[in-house]
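As a plain string of letters, each chain reads:
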Amino acid sequence: MPTPIDTTFDFRSDTPTGKDPDTFSRTLRSYHKLLWSKPLPSGRVFTLDDSTPSYLLHRSELGEFVLASDTVIPSFWRERRIAHIVAQIPREDVEAFNGLGYTIGGMMLFPGNRIEGKMTINGARGCHPLIKDRFDLTVECIRRHYLGEPSPLQAVLARYAAFFKLFGDFPGYAKHFLLHDLVTDDLSAVRFFTPFAGFATSPLPASVDAYQAYRQQAMDFLNARNQRIIQAS
């Protein structure tokens, strides 16, 4: 039987012009519901309801969770600070990278409700100068959250501690969201898209070679996760 998930589907294609696929793609919402409505590491089933526009909801004895989609792999084609670098990359290469990022392999769910009027995880990871939407760096912050270690996203992740508690620990989180290809075989560490020496330097590629290396590593992850999604669906 063919998979109900089309890992080549670009969610921009069923999104109204000028709108955000994370909010307006019906196909994306249905894929999220299908993929992530499944047992948690505890064995309790985490069922998602997609009847509310823009969000997916879970209500049970586990709690109430309002989840929003996030496109997690940036191509940086709109990043002004490295526009001179991206301009040197063949346009078709940048477009291929950007397009792959809008397939299901490039999508995640994070809590979408604001707490005390503060930023959500989606907003904070995009705005923080040491993260700049980088998913590998975001996942490193999540890994550190589970260990009680500091990170640039420490405060926002702590606000949503109840969500992360659902998965028990970092390996449980990585397994649930099929992130095996972004972590080591024992699920204990992150495989970064660029050399990582702590959160001390800009997450943006500083040269054409650095951008190409980042692009290749990120695309390898996207392709690998799409394959895992096919196997899991």
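Before reading further, recall that the structure is shown in the block above.
This text gives an overview of the structure that appears in the document.

Rules of the game
- Residues numbered from 1 in each chain as written.
- Predicted model: local features only at pLDDT ≥ 70, side-chain atom pairs only at ≥ 80, totals over all residues.
- Heavy atoms only, no water.
- Helix = DSSP H or I, 4+ residues; strand = E, 2+ residues; numbered from the N terminus.
- Buried < 20%, exposed > 50% of the residue type's maximum accessible area, 1.4 Å probe, protein only.
- Contact = heavy atoms within 4.5 Å.
- Core = buried A, V, L, I, M, F, W, Y, C linked by side-chain atoms within 4.5 Å.
- Axes fitted to C-alpha atoms, helices over the stretch in contact; angles between N-to-C directions.
- Left-handed = near helix turned anticlockwise from the far one by under 90°.
- Nonpolar A, V, L, I, M, F, W, Y, C, P; charged D, E, K, R; others polar.
- Salt bridge = Lys/Arg side-chain N within 4 Å of Asp/Glu carboxyl O.
- Lys, Arg positive; Asp, Glu negative; His and termini not counted.
- Pairing = 2+ DSSP bridges.

Let us now look at the overall build of the chain. What the chain contains, in helices and strands, is 10 helices and 5 strands. Viewed in the frame of its principal axes, the chain has a C-alpha envelope of about 50 × 40 × 40 Å. For the chain, the residues scored as buried account for 47% of the 233 residues in total. Sequence-distant contacts, at least 24 apart, represent 64% of the contacts inside the chain between residues at least 6 apart.

Bringing unusual backbone geometry into the picture now. Residues other than glycine seldom take positive phi values, yet Ser54 does so here, at roughly 80°. Following the sequence through the fold, Ser54 ends up in the loop between strand E2 (45-46) and strand E3 (56-60). A positive phi angle is found at Glu116, which is not glycine, with a value near 55°. Mapped onto the elements of the fold, Glu116 is located in the loop between strand E5 (107-111) and helix H5 (121-127).

Now for the nonpolar core. Among the nonpolar cores identified, the biggest contains 65 residues, and Ile73, Ile104, Phe135, Phe163, Phe164, Tyr173 and Leu179 are the most heavily contacted of them. Tallying contributions element by element places helix H10 (residues 208-232) first for this core, with 7 residues. Once residues lying within four places of it in the same chain are set aside, the contact partners of Phe163 are Phe65, Leu67, Leu109, Pro111, Tyr173 and Phe177.

We now examine the packing of helix H4 (residues 91-101) against H10. Following both chains from N to C, one finds H4 and H10 inclined at 35°, their axes separated by 10 Å at the closest point. Along this stretch, H4 crosses H10, giving a crossing that reads as left-handed. Along the contact surface, H4 presents Asp93, Val94, Ala96, Phe97, Leu100 and Gly101, while H10 presents Tyr211, Gln212, Tyr214, Arg215, Ala218, Met219, Leu222, Asn223 and Asn226. Split into classes, the residues belonging to the contact of H4 with H10 amount to 9 nonpolar, 4 polar and 2 charged.

As a further point, take the pattern of salt bridges. This model, assessed by the stated rule, comprises 16 salt bridges. Across the salt bridge formed by Glu95 and Arg91, the nearest N and O atoms sit 2.9 Å from each other. Taken as a pair, Glu95 and Arg91 lie in helix H4 at a separation of 4 residues, close to a single helical turn. Overall, Glu95 belongs to the partly exposed group, its relative accessible area being 44%. A cluster of three or more residues bridged by salt bridges with shared partners is formed by Asp70, Arg125 and Asp133.

Turning our eyes to something else, we now look at the side chain of Arg29. Within the element layout of this structure, Arg29 appears in helix H2 (residues 26-36). No salt bridge is formed by the buried Arg29, whose closest oppositely charged neighbour, Asp50, lies at an N-O distance of 5.1 Å. Ignoring anything within four residues of it in the chain, the contact list for Arg29 reads Thr23, Asp50, Ser51, Thr52, Pro53, Ser54, Tyr55 and Leu56.

On to the sheet that holds strand E4 (residues 63-71). What the 3 strands build is an open sheet, ordered E3-E4-E5; its pairing is antiparallel. Strands with a single pairing partner mark the edges of an open sheet, and in this sheet they are E3 and E5. Between one strand axis and the next, the sheet turns through 30° on average, direction left out of account. Alignment of E3 against E4, held across 5 bridges, turns out to be antiparallel. Within E4, the position partnered with Leu56 by the bridge is Leu67.

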